[in-house]
Amino acid sequence: MTGIYPGLTPSGFYVQEAAAASDGNPATSDALFVVQPETKVALGDKVQLTGTVQEAGAAPSFDQAVLTEATVTVLSSGNALPAFTTLPLPPYSGAALERYEGMRVQFPVPLTVSDVYTLRQRGELTLTTGGPVYQPTQFIDPNDDPATGTRSTGTSNLAAINAYQAANLDRSILLDDGSAATNPTPVPFLDPTLRTVRVGSTVAQLRGILGYGFGKWRVQPCPAPTPRPWWLRAHPCPYLGPSM
């Protein structure tokens, strides 16, 4: 058992096969989310499970593979957790990450905070590889190809806009707080000094459990006693010169 998340919807825990028990197929995941509102297992427990696997758009799956109506038998406790699997470089959208779903993963490169819009409401940060992302229309004129800047109507360059946005999504991942609560208190991931998170801040090495929900791949933080799985380095505040 690799992680318990009583605050998720649905609540439950992740399990992952030990390396020796893996099927050895790199195209399939070695992990699964077990739906269990009142979890009675502990981190490091080796368990035997029976139940019904579901993967559908409706609850409780929300397009993540889950085990429902689970019967859980604890075989032993205090076992070492599986090693983190290093993810490949992007793309991180679509089915590219399906084979790592539910597993303990780590990213091969630093990640950049690109969006904080849902941080206070949902406890989420959007992280990207290769630096921050930008709105496609900051660089592409949707009305003209080549860009002229003289028209405000038309969609002759819409394909380029869509391609740029798809590339943004391919290198984006959500860092979740392990909870479905709205307006979480305290707000997670804040810089202890500035009490905020700035776009452009970096995460040197992200580790966690790869989940899926509400149409997005997301990394759930590892529970204690695993060391903190992220290290935010704040983006410096701009210098505006001496005060007048």
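Residues numbered from 1 in each chain as written. Predicted model: local features only at pLDDT ≥ 70, side-chain atom pairs only at ≥ 80, totals over all residues. Heavy atoms only, no water.

A. The arrangement of the sheet that holds strand E1 (residues 3-5) in detail. Taken together, the five strands give an open sheet; going across it, the order is E1-E2-E3-E5-E4, and neighbouring strands pair in mixed fashion. Each having just a single partner strand, E1 and strand E4 (46-54) make up the two edges of the open sheet. In this sheet, adjacent strand axes meet at a mean angle of 35° when their direction is disregarded. As judged from the eight bridges shared by E4 and strand E5 (residues 66-76), these two strands associate in the antiparallel manner. Looking at the pairing, Val-47 lines up with Val-74 of E5. (Pairing = 2+ DSSP bridges. Helix = DSSP H or I, 4+ residues; strand = E, 2+ residues; numbered from the N terminus. Axes fitted to C-alpha atoms, helices over the stretch in contact; angles between N-to-C directions.)

B. View of the nonpolar core. By size, the foremost hydrophobic cluster in this structure holds 24 residues, and its most contacted members are Leu-97, Phe-107, Leu-125, Leu-127, Ile-173, Leu-206 and Leu-210. At the level of elements, strand E8 (111-115), strand E9 (125-128), strand E10 (172-175) and strand E13 (216-220) are the ones that each hand at least two residues to this core. (Core = buried A, V, L, I, M, F, W, Y, C linked by side-chain atoms within 4.5 Å. Buried < 20%, exposed > 50% of the residue type's maximum accessible area, 1.4 Å probe, protein only.)

C. Inspection of the environment of Gly-51 at higher detail. Structurally, Gly-51 is set in strand E4. Accessibility expressed as a relative area gives 44% for Gly-51, which makes it partly exposed. Along the chain, Gly-51 and Ala-20 lie 31 residues apart, while their C-alpha atoms are 23 Å from each other. Among all residues touching Gly-51, those that are not within four sequence positions of it are Leu-67, Thr-68, Glu-69 and Ala-70. (Contact = heavy atoms within 4.5 Å.)

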